[in-house]
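Examining the three-dimensional arrangement
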Amino acid sequence: MAHIQTRSEPDIRGAHAPDLGDAFASTRALSEALVAPLSDADATIQSMEDASPAKWHLAHTTWFWETFLLREHAPGYTLFDERWPFIHNSYYEAEGERIARFSRGMLSRPTLDDILAYRAHVTEAMSALIAMPEHEALIRLGIAHEQQHQELLLTDIKHALFQNPLGPAMWQSESTTRETRASDLGWHTHPGGIAKIGHQADGFAFDNEGPVHRVLLEPFALADRLVTNGEWADFIADGGYETAALWLSDGWAWVNQNAVRAPSYWEEDRQFTHSGWQERDPNAPVTHISYYEADAYASWAGHRLPTEFEWEAVARGQEGEAPAHDPAGGNQLDRAEPPLPVGGTD
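Note that the coordinates shown come from a computational prediction; the quantities given were computed from them, not determined experimentally. Every chain begins its residue count from 1, and numbering advances along the sequence as written. This being a predicted model, a pLDDT of at least 70 is required before a residue's local features are given, and a value of 80 or more before pairs of side-chain atoms are given or counted; all residues contribute to the totals for chains, interfaces and linings. Hydrogens and water are ignored here; the side-chain numbers use all heavy atoms of the structure.

**Quick notes on the overall build of the protein chain**
Helix and strand assignments come from DSSP, with helices taken as H or I runs of at least 4 residues and strands as E runs of at least 2, each series counted from the N terminus. Scanning the protein chain from N- to C-terminus turns up ten helices and seven strands. Think of it in three bands: with a 1.4 Å probe and only protein chains considered, a residue is buried below 20% of the maximum accessible area for its type, exposed above 50%, and partly exposed in between. Counting over 346 residues, the protein chain shows a buried share of 39%. Whether two residues are in contact is decided by their heavy atoms: any pair within 4.5 Å suffices. Considering only contacts within the protein chain whose residues lie at least 6 apart along the sequence, 77% involve residues at least 24 apart.

Pasting the structure below:
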């Protein structure tokens with residue numbers, strides 16, 4: 001079996017990354033811009049145990065900086081409020097007792113304004129540590145941690161606003177429908193072989209992205225675009241949610257126990273978004289589907305889901321056969337605006 005050669009991987013967190021201080025400042029600013037459209041009540045509600053209030057995300061990420069950087073490495077620093085670690089710790093066992101996750105939505109105090117003042121205090125205090133190279137690794141971890149919570153914040157507030165019969169919009173948008181058509185489905189073919197999997201650059205990576213290891217891949221092909229809303233509607237119309245043979249056993253039980261008949265946030269020909277209820281774009285990639293749904297759709301379409309290793313191998317490309325895909329070229333959360341999926345259209 002041939003060994004798969006891969007092209008050198010661009011280090012998007014190194015050579016292409018902004019200065020550490022700029023990255024820290026822009027990350028902190030983006031978190032606050034994301035909640036700018038929210039009222040104090042919006043930022044406080046918790047729609048289910050698996051979600052957290054928007055202001056808790058703001059406070060928890062700030063608690064991280066205060067606890068692991070300022071408390072440990074800034075001489076003379078005192079906590080903004082000694083009571084707050086108990087309510088803003090998430091699951092860090094070494095940091096002691098904490099409020100139960102399902103109780104976060106009961107925290108009417110501190111207010112959103114209180115949390116924003118806390119953030120300003122900690123952000124300013126961090127300026128003394130940013131320039132110290134011995135703290136760079138921990139600061140980059142903190143940036144990645146806050147970026148994770150930005151994604152969680154958007155996911156959680158969407159679910160919370162969806163519970164409101166009025167369908168409130170976080171951002172105003174005339175329409176999410178684009179003047180495009182779904183591109184014809186093509187395929188990225190891969191010859192198989194022994195591939196190296198895992199983080200292979202010098203920049204930041206979480207510990208579960210390594211170590212680099214080798215895997216054996218059989219020849220396969222990966223679709224060159226995402227499944228669209230229109231294609232998913234065809235799956236529904238063909239009885240996809242009513243055909244047991246398409247589903248894994250646990251998935252079929254989940255469908256019936258929860259009366260699932262469409263992706264989350266779908267209603268007739270519209271879907272709920274961060275801009276409220278919008279006409280559903282048939283050419284946009286389908287979103288908010290579970291693993292069970294994705295597997296059933298793949299079976300219906302006569303295919304299967306890719307493995308993580310296959311996906312990574314195609315993304316890296318093969319020397320002399322296919323170029324690597326630029327990880328910085330995807331749909332990134334760079335601005336406070338309605339997030340829209342891309343990848344299913346010309």
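**Digging into the environment of Ile-197**
Tracing the backbone through its elements, the reader meets Ile-197 in strand β2 (residues 193-197). In this structure Ile-197 comes out as buried when scored by relative accessible area, which is 2%. Separated by 15 residues in the primary sequence, Ile-197 and Val-212 place their C-alpha atoms 5.5 Å from one another. The contacts of Ile-197, once residues within four sequence positions are left out, are Pro-211, Val-212, His-213, Val-215, Phe-309 and Glu-312.

**Section: helix α10 (residues 308-316)**
Regarding α10, the residues found buried are Glu-310, Glu-312, Ala-313, Val-314 and Arg-316. Considering only its buried residues, α10 is in contact with β1 (187-190), β2, β3 (213-217) and β4 (220-223). Downstream of α10 by a residue or two, Gly-317 has a phi angle that is positive, lying close to 80°.

**Notes on the sheet that holds strand β6 (residues 270-273)**
Spatially, β5-β6-β7 is the arrangement adopted by the three strands of the open sheet, whose pairing is antiparallel. Edge positions in the open sheet fall to β5 (266-267) and β7 (276-279), since each of these has one partner strand only. As paired strands, β5 and β6 are joined by two bridges and run antiparallel to one another. Note on β6: the bridge partner recorded for Trp-266 is Gln-271. Think of it this way: DSSP has to see at least two bridges between two strands before they count as a pair.

**Some words on the packing of helix α3 (residues 54-73) against helix α5 (residues 112-130)**
Put simply, α3 and α5 touch, their axes get as near as 9 Å, and they point 30° apart. On the basis of their axis angle, the class for α3 and α5 is roughly parallel. Of the two possible hands of crossing, α3 and α5 adopt the one that is left-handed. For the pair α3 and α5, the contacting residues are Lys-55, Leu-58, Ala-59, Thr-61, Thr-62, Trp-63, Trp-65, Glu-66, Leu-69, Leu-70 and His-73 in the first and Leu-112, Ile-115, Leu-116, Tyr-118, Arg-119, Val-122, Ala-125, Met-126 and Leu-129 in the second. Classes in brief: Ala, Val, Leu, Ile, Met, Phe, Trp, Tyr, Cys and Pro nonpolar; Asp, Glu, Lys and Arg charged; the others, Gly included, polar. Classifying every residue of the contact of α3 with α5 by side-chain character gives 14 nonpolar, three polar and three charged. All axes are obtained by fitting lines to C-alpha atoms, using only the stretch in contact for helices, and the reported angles, taken between N-to-C directions, cover 0 to 180 degrees. In these notes the angle categories are as follows: under 35 degrees is roughly parallel, over 145 is roughly antiparallel, 65 to 115 is roughly perpendicular, and the rest is oblique. By convention the crossing between two helices is left-handed if the near helix lies anticlockwise of the far one by an angle smaller than a right angle, and right-handed if it lies clockwise.

**Overview of the environment of Leu-116**
In this structure, Leu-116 sits in helix α5. Residues Leu-116 and Thr-62 lie 54 residues apart in sequence; the distance between their C-alpha atoms is 9.7 Å. Ignoring anything within four residues of it in the chain, the contact list for Leu-116 reads Glu-32 and Leu-58.

**Regarding the packing of helix α1 (residues 20-35) against helix α6 (residues 136-162)**
At their nearest, the axes of α1 and α6 sit 10 Å apart, and the two run at 20° to each other. Classified by the angle between their axes, α1 and α6 sit roughly parallel to one another. Handedness of the crossing formed by α1 with α6: left-handed. Facing Leu-20, Ala-23, Phe-24, Thr-27, Arg-28, Leu-30, Ser-31, Leu-34 and Val-35 of α1, the residues of α6 in contact are Glu-136, Ile-139, Arg-140, Ile-143, Glu-146, Gln-147, Gln-150, Leu-153 and Leu-154. For the contact of α1 with α6, the per-class residue count stands at ten nonpolar, four polar and four charged.

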